[in-house]
Amino acid sequence: MNNESAGEQREEESLQKRPLPEKGRIAGLDYGRTRIGIALSDPGRVLATPWSVYQRRGPGQDATYFQKLVQHEEIVLFVLGLPVHCDGTESEVSLEVREFGKWLESVTRVPVVYMDERFSTQTAETWLRTANLSRKERQKRVDKLAAQIILSSYLAILQRGDAPPFWTPSPLDDASIEEE
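These lines cover the structure that appears in this document, whether it is placed above or below. These figures come from a predicted structure and were not determined experimentally. (Residues numbered from 1 in each chain as written. Predicted model: local features only at pLDDT ≥ 70, side-chain atom pairs only at ≥ 80, totals over all residues. Heavy atoms only, no water.)

## Here we look at the overall build of the protein
Heads up, the condition is: Helical segments are the DSSP runs of H or I of at least four residues, strand segments are the runs of E of at least two, and each set is numbered from the N terminus. Exposed residues in this analysis have more than 50% of their type's maximum accessible area, buried residues have under 20%, and partly exposed residues fall in between, with area computed by a 1.4 Å probe over protein chains only. We call two residues in contact when some of their heavy atoms are within 4.5 Å. Residue exposure ignores everything except the shown protein chains as possible cover, and the areas themselves are Shrake-Rupley values with a 1.4 Å probe.
Scanning the protein from terminus to terminus reveals five helices and five strands. Scored against the burial criterion, the 180 residues of the protein give a buried share of 39%. Relative to all contacts within the protein whose residues are 6 or more apart in sequence, the contacts with residues 24 or more apart total 63%. Summing over all exposed atoms, the protein offers an accessible surface of approximately 10,900 Å²; the carbon and sulfur share of this is 50%.

Structure (structure tokens):
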């Protein structure tokens with residue numbers, strides 16, 4: 001490992017070990033190659049609200065967008081949805097999401113944590129279908145609603161007081177739950 005990559009790794013680790021500031025919003029992201037759904041918490045970090053869908057434009061413009069988002073909305077943490085298989089193993093897209101997370105952290109200087117996003121898009125699509133929205137209207141909203149679902153899950157864990165700085169996916173296996 002050369003000095004530059006060792007320095008970048010130490011910098012990345014220091015961001016992740018930094019305690020979460022008491023003030024500031026948390027942004028939930030539903031990653032996509034062309035669109036990224038964004039949800040924001042309230043300052044008290046109780047509610048997650050669908051905020052926008054960002055149409056990706058390239059690394060330079062994307063960096064500018066997320067830097068402005070951090071500054072204008074006072075973002076102190078990104079919660080990035082991590083796509084994993086039902087057995088808890090990471091998918092090929094998971095690696096892409098982790099690369100995006102590293103990039104986002106480096107351009108914004110804001111820590112990124114990962115949250116299981118299994119079924120978030122399907123749940124969002126179901127909710128939008130029950131609202132009797134047209135296909136076009138559902139498509140405009142699904143990514144930011146999926147981001148809200150991801151962020152809501154993280155906020156629930158945070159409120160319990162056991163939000164991990166690192167998250168490792170686990171399998172969805174009912175057999176592993178002990179019956180009482």
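Picking up where we left off.
## Focus: the side chain of arginine 45
In plain terms, the rule: Throughout this description, a polar contact denotes any pair of N or O atoms lying within 3.5 Å of each other; where both atoms belong to protein, one of them has to be capable of donating a hydrogen while the other can accept it, and for residues adjacent in sequence the pair is counted only when both atoms sit in side chains.
Summarising the element assignment, arginine 45 is placed in the loop between β2 (35-41) and β3 (48-55). Residue class for arginine 45 comes out buried when judged on its relative accessible area of 10%. Of the polar contacts made by the side chain of arginine 45, one reaches the backbone oxygen of glycine 24; its length is 2.9 Å.

## What about the packing of aromatic side chains?
In plain terms, the rule: Whether two aromatic rings pair depends on their centres lying within 6.5 Å, for rings of Phe, Tyr and Trp, where Trp uses its six-membered ring; planes under 30 degrees apart make the pair stacked, over 60 edge-to-face, and the rest tilted. In our convention, an over-ring charge means Lys NZ or Arg CZ found within 6 Å of a ring centre and within 35 degrees of that ring's normal.
Tallying each qualifying case throughout the model produces seven aromatic pairs. The interplanar angle of 50° and the centroid separation of 5.2 Å between the aromatic rings of tyrosine 31 and phenylalanine 100 together place this pair among those described as tilted. In this pair, tyrosine 31 is assigned in the loop between β1 (25-30) and β2 and phenylalanine 100 in helix α3 (residues 92-108), connecting sequence segments 69 residues apart. When its relative accessible area of 14% is taken as the criterion, tyrosine 31 is described as buried. With relative accessibility at 4%, the residue phenylalanine 100 sits in the buried group. Of the aromatic side chains, those joined through ring pairs into one cluster are Tyr31, Tyr54, Tyr65, Phe66, Phe78, Phe100 and Trp103. The cationic tip of arginine 98 hangs over the ring face of tyrosine 114; the distance from NZ or CZ to the ring centre is 4.8 Å.

## Some thoughts on the environment of glutamine 148
For glutamine 148, the position within the fold is in helix α5 (residues 135-160). What glutamine 148 contacts, discounting residues up to four positions off in sequence, is Ala39, Ala48, Thr49 and Pro50. Of note is the side chain of glutamine 148, whose polar atom sits 2.8 Å from the backbone oxygen of alanine 48.

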